Protein chains: 2
Amino acid sequence: MGLYRNIISLTLASTSPRRRMLLKNIGLEITVTSPVCDEKAGADESPIDQAMRFACEKASSVSKKENITIGADTIVVIDNKILGKPVDKDDAVRMLSLLSGNMHRVITGHCIINRDFKLILNYAVSEVTFRNLAKDEILAYVETGEPMDKAGAYGIQFLGSAFVSTVSGSYTNVVGLPLCRIVDELLQIKAIEPDI
Amino acid sequence: MGLYRNIISLTLASTSPRRRMLLKNIGLEITVTSPVCDEKAGADESPIDQAMRFACEKASSVSKKENITIGADTIVVIDNKILGKPVDKDDAVRMLSLLSGNMHRVITGHCIINRDFKLILNYAVSEVTFRNLAKDEILAYVETGEPMDKAGAYGIQFLGSAFVSTVSGSYTNVVGLPLCRIVDELLQIKAIEPDI
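Residues numbered from 1 in each chain as written. Chains lettered and ligands numbered in written order. Predicted model: local features only at pLDDT ≥ 70, side-chain atom pairs only at ≥ 80, totals over all residues. Heavy atoms only, no water.

(A) The overall build of chain A, seen in detail. Scanning chain A from terminus to terminus reveals six helices and nine strands. In terms of principal-axis extent, the alpha carbons of chain A reach across some 50 × 45 × 25 Å. Among the 196 residues that make up chain A, the fraction classed as buried is 53%. Taking contacts inside chain A between residues at least 6 apart in sequence as the whole, the part at least 24 apart equals 67%. (Helix = DSSP H or I, 4+ residues; strand = E, 2+ residues; numbered from the N terminus. Buried < 20%, exposed > 50% of the residue type's maximum accessible area, 1.4 Å probe, protein only. Contact = heavy atoms within 4.5 Å.)

(B) Representation of the interface of chain B and chain A in the model. With 36 residues of chain B at the interface, the matching set in chain A holds 36 residues. Counting the surface chain B buries against chain A, the share from its top three residues, B:Leu3, B:Cys180 and B:Ile196, is 19%. Our count for the chain B to chain A interface comes out at zero salt bridges. The interface formed by chain B and chain A contains eight residue pairs in polar contact (both at pLDDT 80 or more). Sorting the residues of the side of chain B that touches chain A by element identifies helix 4 (135-144), strand 8 (164-169), helix 5 (171-175) and helix 6 (179-188) of chain B as the ones contributing at least two each. At seven residues, helix 4 of chain B tops the list of elements feeding residues into the side of chain B that touches chain A. The class makeup of the residues in the side of chain B that touches chain A is 20 nonpolar, 10 polar and six charged. Relative to strand 8 of chain B, strand 8 (residues 164-169) of chain A runs antiparallel, the two sharing three bridges. (Buried area = accessible area lost by both parts, 1.4 Å probe. Salt bridge = Lys/Arg side-chain N within 4 Å of Asp/Glu carboxyl O. Polar contact = N/O pair within 3.5 Å; in protein donor to acceptor, adjacent residues only side chain to side chain. Nonpolar A, V, L, I, M, F, W, Y, C, P; charged D, E, K, R; others polar. Pairing = 2+ DSSP bridges.)

(C) Looking closely at the packing of helix 3 (residues 89-99) of chain B against helix 4 of chain B. Residues and elements named next belong to chain B. Where helix 3 contacts helix 4, the two axes come as close as 10 Å, and the packing angle between them is 135°. The angle between helix 3 and helix 4 places the two elements in the oblique class. Between helix 3 and helix 4 lies a crossing whose hand is right-handed. In this structure, helix 3 contributes Lys-89, Ala-92, Val-93, Leu-96 and Ser-97 to the contact, and helix 4 contributes Lys-135, Ile-138, Leu-139, Tyr-141, Val-142 and Glu-143. When the residues that make up the contact of helix 3 with helix 4 are grouped by side-chain class, the tally is seven nonpolar, one polar and three charged. (Axes fitted to C-alpha atoms, helices over the stretch in contact; angles between N-to-C directions. Parallel < 35°, antiparallel > 145°, perpendicular 65-115°, else oblique. Left-handed = near helix turned anticlockwise from the far one by under 90°.)

(D) Inspection of the relation of the copies chain B and chain A at higher detail. Once chain B has been moved 0.0 Å along the axis and rotated by 180°, it coincides with chain A to within an RMSD of 0.0 Å. This pairing of chains is accounted for by a two-fold axis. Considering only C-alpha atoms, the part of chain B nearest the rotation axis is B:Ser168, at 2.2 Å. Most of the interface of chain B is mirrored in chain A, where 100% of its interface residues again form contacts. (Least-squares fit on C-alpha atoms with pLDDT ≥ 70 in both.)

(E) Up close: the packing of aromatic side chains. Tallied over the entire structure, the rule returns seven aromatic pairs over all chains. Each ring, one from A:Phe130 and one from A:Phe163, has its centre 6.1 Å from the other, and the planes form 50°; the classification is tilted. Placement of the pair is A:Phe130 in strand 7 (residues 119-130) and A:Phe163 in the loop between helix 4 (135-144) and strand 8, with a sequence separation of 33 residues. The same class applies to A:Phe130 as to A:Phe163, namely buried. Centre to centre, the rings of A:Tyr171 and B:Tyr171 are 3.2 Å apart; their planes meet at 0°, and the pair counts as stacked. Of this pair, A:Tyr171 sits in helix 5 (residues 171-175) while B:Tyr171 sits in helix 5, placing the two residues on different chains. Neither residue differs from the other here; A:Tyr171 and B:Tyr171 are each classed as buried. (Phe/Tyr/Trp six-rings, centres within 6.5 Å; stacked < 30°, edge-to-face > 60°.)

(F) How the structure looks around the pairing of strand 8 of chain A. The pairing of strand 7 of chain A with strand 8 of chain A spans four bridges and is classified as antiparallel. Bridge assignment links A:Val128 to a residue of strand 8 of chain A, and that residue is A:Val167.

(G) The confidence of the model for chain A, seen in detail. Mean pLDDT over chain A: 95, with 99% of residues reaching 70 or higher. Across the interface, the model reports ipTM at 0.93; the global pTM reads 0.94. (pLDDT = per-residue confidence, 0-100.)

(H) Up close: helix 3 of chain B. All buried positions along helix 3 of chain B are accounted for by B:Asp91, B:Ala92, B:Val93, B:Met95, B:Leu96 and B:Leu99. Following helix 3 of chain B by one or two positions, B:Gly101 has its phi on the positive side, about 75°.

(I) Looking closely at the environment of B:His110. Residues and elements named next belong to chain B. Relative to the helices and strands, His-110 is located in strand 6 (residues 103-113). In this structure His-110 comes out as buried when scored by relative accessible area, which is 0%. Distance in space between the C-alpha atoms of His-110 and Leu-121 is 6.0 Å, their sequence separation being 11 residues. Not counting residues up to four positions away in its chain, the partners in contact with His-110 are Ala-55, Gly-71, Ala-72, Ile-120, Leu-121, Asn-122, Tyr-123, Pro-178, Arg-181, Ile-182 and Glu-185. Side-chain polar atoms of His-110 contact the side chain of Glu-185, separated by 2.7 Å.

Below you can see the structure in the form of structure tokens.
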């Protein structure tokens, strides 16, 4: 038995299995569609503006008038530098060495496009602190393969959980969607309801 | 492939499937043993002292000299009142109504008993904030059964994730073990090592 059920069909404009899982875990039925977005940073665009714009572009690229569409984009920022997905193992080691012993920010922009094409555009920022990692821990982690498809070269849910000492803000935002806020927004626009 | 491997056998003095999962997820082999602890609060004992004492009693009740034993106890505190596991559905509704729209604290005390019977005794406090919940959301959640075996009547990992707007502190502490800290302590006493 789920906690919520759809009133309207929901499309997730993201191929991230983690985002889909967050929504499916609470009982929602989700259609996943691959979005189109070149993810090219604008000149002088802040990380928050960039995350919201990418989320909006992703959602817009697949929205249909009979569905509600959710787009999201997650960015990892440390010392005002954006960390994307690592290009290779050395790049993952470099990113994890930057994160070790430090606090960084995870920003997820999200965009919900309603059937009347009205937009909800929002974002969440979470601060994540890593403990000091030994070189061997970083190398062992990179060898598992987990870092390779993730912004900032870590996943907070599985192996990366051993590195994260504290989170301040939404935890699911670090996974890929600020779930609590999105559920609240979907309830408000009557896209979903408690499954009672 | 795991992130860490055991050097010494580890016993978890807890039957919580969530605690076991946290440790197994990062590659550790864990023997689970049911502890003995009457969990009776002392007069004038603070929630932190209580959680650490229970953790220590649990670990002591099953420790053996050839293993390293981990005990833990998780407590939910709101307005200086401790919320245990709900006794029935009405009790779960009562607890969730208290948590709705408010911040509460989750305290996990943990105790690691080394083979020389030296103790590590520690605790973590996380602040968790729920958004305002509608009555129907609380009722739907209680009907799923998830709240019934959990202190404070919610689980942060699955359905309860839709209720939690922010966490400040260790997230895994709210699940049942401050994993990052415990891994660090296990590395320091050479109970585990990176699996490289």
